[in-house]
Amino acid sequence: MSEVHAEAAVHAHAAPTGFIRKYIFSLDHKVIGIQYYFLALVAVFVGMFLSLLMRIHLVWPMAHLPLLGEIKPETYLTLLTMHGTIMVFFVLTTAPQSGFGNYVLPIQIGAPDMAFPVLNMLSFWTTFLSFVIMLAAFFVEGGAPLHGWTGYAPLSAIPSAGPGQTLGADLWIISIAVFCAASLMGALNFITTTLDLRARGMSLMRLPLTCWSWFITAILGLLAFGVLAAAGILLLLDRNVGTSFFVPGGLVMTGVPVKHQGGSPLLWQHLFWFFGHPEVYIAILPGMGVASQVLSTFSRKPIFGYRAMVYAMLSIGILGFVVWGHHMFMSGMSPYSAFAFSVMTMAIGVPSAIKTFNWLGTIWRGRVRFYTPMLFAIGFVSLFVSGGLSGPFLAQPQLDINLHDTYFVVAHFHLIMGVAAIFGIFAGTYYWFPKMFGRMMNERLGQAHFWLTFIGTYAIFMPMHYLGIAGHPRRYSQLTEVKFLEPLMSLQEFITIAALITIGAQIIFVINLFWSMFKGAKATANPWEATTLEWTVPSPPPHDNFGGRVPVVRHGPYEYAVPGAARDYVMQNEESTVPAHS
């Protein structure tokens with residue numbers, strides 16, 4: 001009876017007719033998914049522009065830039081703070097989960113919409129508001145904050161700590177809190193939709209791995225963003241009301257005693273990293289789902305070890321909540337605590353290795369079709385492995401203490417959390433673009449985009465490992481006054497040139513994206529010969545996804561190379577006379 005009520009609820013909104021209701025305040029999960037996607041697209045170009053300014057300043061510190069002039073050290077820290085914040089929250093969290101998840105999840109499980117369409121719309125516009133507040137920090141007196149994307153106290157808790165730490169820092173905290181509220185609404189929607197709105201026959205073990213990844217990510221978000229929101233509120237109280245949650249007594253700032261007592265900066269670090277480490281998996285798990293989907297489709301093979309993949313993602317999600325302490329080895333924690341966090345961090349390598357092994361097993365001896373989505377999926381696996389291999393070094397307290405404040409850490413988290421997740425976004429874009437817009441993206445431009453981005457990414461971040469091992473500190477705004485860094489300047493110049501080329505390659509992607517929306521070849525309903533439910537409906541899908549039909553699922557999501565089948569694939573809702581793999 002409850003399923004009937006839930007289905008009736010999502011059918012409650014009719015197809016929109018006016019422009020505002022159809023494209024602006026839409027209740028359609030597909031429109032909302034596209035809105036999230038383009039919000040993330042704007043954010044990623046803002047974030048890239050900030051990183052470009054940082055790279056230019058590192059190798060040409062005296063350069064006068066048009067409209068911006070000379071970048072001062074405090075401005076560099078502001079760019080650092082805003083680049084990290086925008087990329088983590090508004091790109092890596094927004095596009096793979098809220099963008100693709102909103103668009104694809106309901107169709108893949110056979111539902112007409114998300115469980116709570118109004119909440120879905122509110123979630124997007126709250127995220128949009130959060131982004132506007134974040135950008136507003138650039139334009140207020142004092143500018144944007146410089147306390148880093150981690151917002152470590154007491155620097156972030158005291159307005160007099162430096163330029164940008166007044167109203168700009170307040171806006172930064174408010175933006176994060178609003179983003180948390182939006183993410184909590186989104187997480188509830190994803191969890192309810194996955195549990196309650198699956199079509200008949202769509203058991204949990206017939207869910208595509210993309211759905212599993214969005215479902216687990218939503219649970220992580222529900223548990224993690226609530227903690228960050230609470231921490232942000234406490235930080236605002238410290239800054240504006242005079243409480244002392246994070247500010248210790250006896251602190252003197254620029255020669256003036258600070259009127260706080262009894263707070264603990266370490267409390268902020270615990271709260272932040274309790275959110276921060278699961279955030280790594282909030283960013284990367286949807287990419288794992290997309291990679292699994294694409295690798296199986298373009299290898300023309302069932303995913304290798306489907307159940308092991310599901311249990312590996314669940315294990316990663318659970319273990320992600322018990323390893324936050326490895327970000328705090330430098331805080332002076334007990335060696336026994338450090339050992340415990342180290343062991344649990346190493347344990348995460350087991351499910352990660354299972355997933356990597358199964359991806360390779362899926363490709364092995366497949367009839368691989370090297371289209372652009374497949375290239376980016378392979379690139380995702382490559383970057384995930386390359387970034388992951390440096391993780392065990394940082395999981396050792398003795399090694400981490402030496403490497404923690406160096407470019408080694410920058411290389412590690414950019415590879416595994418940043419560009420690996422972005423490769424997942426690119427794979428999803430090239431894969432689902434025909435379904436979303438009814439046209440194909442240009443394949444030659446896509447392949448050029450892939451190779452330039454793939455080679456450029458390694459050219460940027462692999463040398464950073466060497467910089468870190470050589471003792472190059474991160475967060476230094478310029479190197480001209482540091483004698484022992486002079487021999488490393490040529491490597492910094494090489495990285496900057498690689499970054500310029502890689503950022504330039506993204507223009508190819510943008511041209512391809514918008515040109516293909518209007519001029520690309522018309523897409524059929526199933527151009528990739530895939531098996532999941534979104535490929536059973538027209539491209540783009542109708543308002544209620546299935547045109548009034550209620551799909552019935554009869555097979556697993558990856559039925560490729562089925563012996564005796566007329567084609568080399570069997571769709572999930574197909575009434576096949578040939579027994580499928582599951």
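Criteria and thresholds
- Residues numbered from 1 in each chain as written.
- Predicted model: local features only at pLDDT ≥ 70, side-chain atom pairs only at ≥ 80, totals over all residues.
- Heavy atoms only, no water.
- Helix = DSSP H or I, 4+ residues; strand = E, 2+ residues; numbered from the N terminus.
- Rg over C-alpha atoms; globule rule 2.2 N^0.38 Å.
- Buried < 20%, exposed > 50% of the residue type's maximum accessible area, 1.4 Å probe, protein only.
- Contact = heavy atoms within 4.5 Å.
- Areas by Shrake-Rupley, 256 points an atom, 1.4 Å probe, with all protein chains shown as cover.
- Lys, Arg positive; Asp, Glu negative; His and termini not counted.
- Charge placed at Lys NZ, Arg CZ, Asp CG, Glu CD.
- Patch = residues over 30% accessible without salt bridge, like charges linked within 9 Å, V, L, I, M, F, W, Y side chains within 5 Å.
- Salt bridge = Lys/Arg side-chain N within 4 Å of Asp/Glu carboxyl O.
- Polar contact = N/O pair within 3.5 Å; in protein donor to acceptor, adjacent residues only side chain to side chain.
- Bend = angle between axes of the 7 residues up to and from the residue.
- Axes fitted to C-alpha atoms, helices over the stretch in contact; angles between N-to-C directions.
- Parallel < 35°, antiparallel > 145°, perpendicular 65-115°, else oblique.
- Left-handed = near helix turned anticlockwise from the far one by under 90°.
- Nonpolar A, V, L, I, M, F, W, Y, C, P; charged D, E, K, R; others polar.
- Expected span 1.5 Å × (residues − 1).
- pLDDT = per-residue confidence, 0-100.

As for the overall build of the chain
Summing up its helical and strand segments, the chain has 18 helices and four strands in all. In summary, the chain has a C-alpha radius of gyration of 24 Å against a globular reference of 25 Å for 582 residues, a match within 12%. Across its three principal axes, the chain shows a C-alpha extent of roughly 80 × 55 × 50 Å. Looking at the chain as a whole, 59% of its 582 residues qualify as buried. Within the chain, counting contacts between residues at least 6 apart in sequence, those at least 24 apart form 78% of the total. For the chain, the exposed area adds up to about 23,000 Å²; of that, 71% sits on carbon and sulfur atoms. Charged side chains in the chain number 28 positive and 24 negative. The centres of these two groups are separated by 9 Å.

Regarding the environment of methionine 517
Following the sequence through the fold, methionine 517 ends up in helix α18 (residues 489–519). For methionine 517, a relative accessible area of 14% corresponds to the buried category. The spatial distance from the C-alpha of methionine 517 to the C-alpha of methionine 440 is 8.0 Å, given a sequence separation of 77 residues. Not counting residues up to four positions away in its chain, the partners in contact with methionine 517 are Phe38, Phe433, Phe437 and Arg439.

Some points on a nonpolar patch on the surface
A surface patch of nonpolar side chains, amounting to about 430 Å² of accessible area, comprises Phe19, Ile20, Tyr23 and Phe25. As for its position among the elements, tyrosine 23 is in helix α2 (residues 19–24).

Topic: unusual backbone geometry
In this structure, the amide linkage connecting alanine 153 to the following residue, proline 154, adopts the cis form with an omega of 5°. With omega at -5°, the peptide bond leading from serine 539 into proline 540 counts as cis. Tracing the backbone through its elements, the reader meets proline 540 in the segment after α18. The phi torsion at alanine 561 lies on the positive side, around 55°, for a residue other than glycine. Along the chain, alanine 561 turns up in the segment after α18.

Things to note about the side chain of arginine 55
Along the chain, arginine 55 turns up in helix α3 (residues 29–59). Buried charge without a partner: arginine 55 forms no salt bridge, and the closest opposite charge is glutamate 493, 9.6 Å away. At 2.5 Å, the side chain of arginine 55 and the side chain of glutamine 492 are in polar contact. In this structure the side chain of arginine 55 is engaged in a polar contact, spanning 3.2 Å, whose partner is the side chain of threonine 496. Not counting the four nearest positions on each side in its chain, arginine 55 is found in contact with Tyr407, Met464, Gln492, Ile495, Thr496 and Ala499.

Digging into helix α16 (residues 407–437)
Within α16, the axis deviates most sharply at tyrosine 431, by approximately 45°, and proline proline 434 lies no more than four positions further along. Counting buried residues along α16, 28 of its 31 residues qualify, which places the element largely inside the surrounding structure.

Re the packing of helix α11 (residues 335–347) against helix α12 (residues 349–363)
When two helices pack together, their arrangement is given by the angle between the helix axes and the distance between those axes. Where α11 contacts α12, the axes come no closer than 5 Å and their chain directions differ by 10°. Relative to α12, the element α11 is oriented roughly parallel. Counted together, Thr345, Met346 and Ala347 of α11 and Gly349, Val350 and Pro351 of α12 form the full contact between these two elements.

Thoughts on the side chain of threonine 502
Positionally, threonine 502 belongs in helix α18. Threonine 502 sits in the buried class, given a relative accessible area of 9%. When neighbours within four sequence positions are excluded, threonine 502 is seen to be in contact with Leu452, Thr453, Gly456, Thr457 and Ile460.

Notes on the packing of helix α17 (residues 443–469) against α18
Taken N-terminus to C-terminus, the directions of α17 and α18 make an angle of 155°; their axes are 8 Å apart at the nearest point. It follows from the interaxial angle that α17 and α18 lie roughly antiparallel. Read as a crossing pair, α17 and α18 show a hand that is left-handed. A class-by-class count of the residues in the contact of α17 with α18 yields 16 nonpolar, nine polar and no charged.

A short note on helix α4 (residues 73–92)
With 20 residues, α4 should cover 28 Å at 1.5 Å per step; its first-to-last C-alpha distance of 27 Å lies within 8% of that length. The buried fraction of α4 is high, at 15 of 20 residues.

Let's talk about the confidence of the model for the chain
In the predicted model, the chain carries a mean pLDDT of 93, and the fraction of residues at 70 or more is 97%. Averaged pLDDT values over the elements of the chain bottom out at 44 in helix α1 (residues 2–10) and peak at 98 in helix α6 (residues 117–136). Counting contacts from residues 1–10, a segment whose pLDDT is below 50, to residues more than four positions away or on other chains yields eight contacts.

A word on the pattern of salt bridges
Inspection of every chain in the model, using the stated rule, returns ten salt bridges. Note that arginine 300 and aspartate 568 form a salt bridge whose closest N and O atoms lie 3.0 Å from each other. Of this pair, arginine 300 sits in the loop between α9 (265–299) and α10 (306–319) while aspartate 568 sits in the segment after α18, and the two are 268 residues apart along the sequence. Here the two residues arginine 300 and aspartate 568 agree in accessibility, since each one is buried. Measuring nitrogen to oxygen at the nearest pair gives 3.1 Å for the salt bridge that ties arginine 475 to aspartate 405. Pair noted here: arginine 475 is in the loop between α17 and α18 and aspartate 405 is in the loop between α15 (397–403) and α16, with a separation of 70 residues, a long-range link. On the basis of relative accessible area, arginine 475 is assigned to the partly exposed category, the value being 42%. Each of Arg300, Arg367 and Asp568 takes part in a single network of salt bridges with overlapping partners.

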